[in-house]
Amino acid sequence: MTRWNTSHIPDQTGRSAVVTGANSGLGYVTARELARRGAQVVLACRNEARGGAALDRLRSEVPTAEAEFRPLDLADLASVRRFAASLDDVAGDRLDLLINNAGVMALPYRTTADGFEMQFGTNHLGHFALTGLLLPRLLATPGARVVTVSSMLHVLADLDYDDLNSERSYRRWIAYARSKSANLLFVHELSRRLAAAGSQLLAAAAHPGYAATNLQTAGVRMEGRSSAERVVELANRFIAQSPEGGALGTLCAATAPHMRPDSFIGPRAGLRGAPAKSFRAPWTRKDANGERLWAASEQLTGVRYDFS
């Protein structure tokens, strides 16, 4: 994968993709580049106005794009179910790529529509439910992949299985790190279960390093901390790589030939650079942890996976 870039993306003509959080940042770049290579892309976004604006922008940048916007709020399981049901008219029964990209970071304590801590509920549980609901399509599509976007900050914390929703204690960065560890552990356990079922569906993970997106400013803006917001904006401008650079890991995991199950792809230099295999904390590879998180996720979301 030395110096892998978007020119290495294979032709995606005839393939379909769902990209969550595609209205801006990494998700938008991922959707645009897949569409540029011929994929039929669904932009799955919470905000209807922003989703529509992103679709207009994509069509202006890629006039040949086959793309559409559909509403999806990962912090509301009813919305996740509606979105999954709405795909019945997209590319028949097939789905080649599911890009679990959307996320929130370091927010003040909030809960989802279903009462889950917002970061765990959005970053992990929403995508767990979405992937399970779309699993029959993915299993029926030769060469399909699921790519879940984690973060190098996952190394800050393992999950607390006795307090998954941070009801006893909440520290925003620890909660974020735990949600990103959950993303990696989900990919590990999904890969293990797919292998046991004899499925060729590939699950992998990616991270953007440090990329300049609105993810970093959302939390401080919600609290009205204008000075902290300015510091983050300066860091985004002078330290972070562009969303185009940050999305390379996701695009590589989604399209590069010979990708291995349970891979974790990110910038070679950590914060920025061409995609390469990335370090991951050992707790994100433990089968017992994966089984425990999986059981809790099924119970919390009510979504059961059928690998048949």
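Let me sum up the structure you'll find in this document. (Residues numbered from 1 in each chain as written. Predicted model: local features only at pLDDT ≥ 70, side-chain atom pairs only at ≥ 80, totals over all residues. Heavy atoms only, no water.)

1. Some remarks on the packing of aromatic side chains
- Counted by the stated rule, this structure contains 9 aromatic pairs.
- Judged by centre distance (5.1 Å) and plane angle (80 degrees), the ring pair of phenylalanine 128 and tryptophan 294 falls under edge-to-face. Linking phenylalanine 128 in helix H4 (residues 118-139) with tryptophan 294 in helix H10 (residues 287-301), this pair joins segments that are 166 residues apart in sequence.
- Classification of phenylalanine 128 by relative accessible area gives buried; the value is 0%.
- Among the aromatic side chains, those forming a connected cluster through ring pairs are Phe128, Phe186, Trp294, Tyr305 and Phe307. (Phe/Tyr/Trp six-rings, centres within 6.5 Å; stacked < 30°, edge-to-face > 60°. Helix = DSSP H or I, 4+ residues; strand = E, 2+ residues; numbered from the N terminus. Buried < 20%, exposed > 50% of the residue type's maximum accessible area, 1.4 Å probe, protein only.)

2. What to know about the sheet that holds strand E1 (residues 16-20)
- Ordered in space as E3-E2-E1-E4-E5-E6-E7-E8, the 8 strands form an open sheet in which the pairing is mixed. Because the sheet does not close on itself, it has two edges, and the strands there are strand E3 (66-71) and strand E8 (275-277). Averaged over all neighbouring strand pairs, the angle between strand axes comes to 20 degrees, with direction disregarded.
- For E1 and strand E4 (residues 97-100), the ladder comprises 3 bridges, and the chain directions are parallel. Paired with alanine 17 across the bridge in E4 is leucine 97.
- Contacting E4, strand E5 (145-149), strand E6 (202-206) and strand E7 (264-267), helix H5 (residues 172-196) crosses the sheet at an angle of about 160 degrees to E6. (Pairing = 2+ DSSP bridges. Axes fitted to C-alpha atoms, helices over the stretch in contact; angles between N-to-C directions. Contact = heavy atoms within 4.5 Å.)

3. Some words on the pairing of E3
- Bridge count for strand E2 (residues 40-45) against E3 is 6 bridges, and the pairing is parallel. Each residue of the ladder has a partner; that of valine 41, found in E3, is alanine 67.
- In this fold, the crossover linking E2 to E3 by way of helix H2 (residues 48-61) has right-handed handedness. (Right-handed = clockwise from strand over helix to strand, strands pointing away.)

4. Some details on the pattern of salt bridges
- The full count for this structure, using the stated rule, is 15 salt bridges.
- In this structure, glutamate 33 engages arginine 32 in a salt bridge whose closest nitrogen and oxygen atoms are separated by 2.9 Å.
- The buried category is assigned to arginine 32, whose relative accessible area is 8%.
- With its nearest N and O atoms 3.1 Å apart, the salt bridge here joins arginine 57 to glutamate 61. In this pair, arginine 57 and glutamate 61 both sit in helix H2, 4 residues apart, roughly one turn of the helix.
- Because the salt bridges share partners, they merge into one network encompassing Arg32, Glu33, Arg36, Arg57, Glu61 and Glu244. (Salt bridge = Lys/Arg side-chain N within 4 Å of Asp/Glu carboxyl O.)

5. Quick word on the pairing of E1
- The element E1 is largely enclosed, with a buried count of 5 among its 5 residues.
- With burial as the criterion, each face of E1 is covered, one bearing Ser16, Val18 and Thr20 and the other bearing Ala17 and Val19.
- Here E1 pairs with E2 via 5 bridges, running parallel. Paired with serine 16 across the strands is glutamine 40, a residue of E2.
- Note on the crossover from E1 through helix H1 (residues 25-36) to E2: the handedness is right-handed.

6. Section: helix H9 (residues 248-255)
- H9 sits mainly inside the fold: 8 of its 8 residues count as buried.
- When we look at burial in H9, the residues that qualify are Leu248, Gly249, Thr250, Leu251, Cys252, Ala253, Ala254 and Thr255.

7. A word on H2
- With 14 residues, H2 should cover 20 Å at 1.5 Å per step; its first-to-last C-alpha distance of 20 Å lies within 8% of that length.
- For H2, the complete set of buried residues consists of Gly51, Ala54, Leu55 and Leu58. Seen end-on, H2 carries its buried residues on one side only, within an arc spanning 100 degrees. Structural note: H2 exposes Ala49, Asp56 and Ser60 on the side pointing more than 90 degrees away from its buried face.
- Lining the buried residues of H2 we find H1, E2 and E3.
- Two or three places before alanine 49, at the opening of H2, asparagine 47 has a side-chain oxygen 3.0 Å from that residue's backbone nitrogen. (Expected span 1.5 Å × (residues − 1). Arc of directions from axis to C-beta. Polar contact = N/O pair within 3.5 Å; in protein donor to acceptor, adjacent residues only side chain to side chain.)

8. Here we look at a nonpolar patch on the surface
- Taken together, the side chains of Val155, Leu156 and Phe279 present a nonpolar region at the surface, about 310 Å² in accessible area.
- By the secondary structure assignment, leucine 156 is in the loop between E5 and H5. (Patch = residues over 30% accessible without salt bridge, like charges linked within 9 Å, V, L, I, M, F, W, Y side chains within 5 Å. Areas by Shrake-Rupley, 256 points an atom, 1.4 Å probe, with all protein chains shown as cover.)

9. Side note on the packing of H5 against H10
- Between H5 and H10, the least distance of the axes is 9 Å, while the angle of their chain directions is 100 degrees. Taken together, the axes of H5 and H10 are roughly perpendicular relative to one another. Only Asp287, Asn289, Gly290, Glu291, Leu293 and Trp294 of H10 make contact with H5, whose side of the interface consists of Ala182, Leu185, Phe186, His188, Glu189, Leu190, Arg192 and Arg193.
- Partitioning the contact of H5 with H10 into residue classes produces 6 nonpolar, 3 polar and 5 charged. (Parallel < 35°, antiparallel > 145°, perpendicular 65-115°, else oblique. Nonpolar A, V, L, I, M, F, W, Y, C, P; charged D, E, K, R; others polar.)

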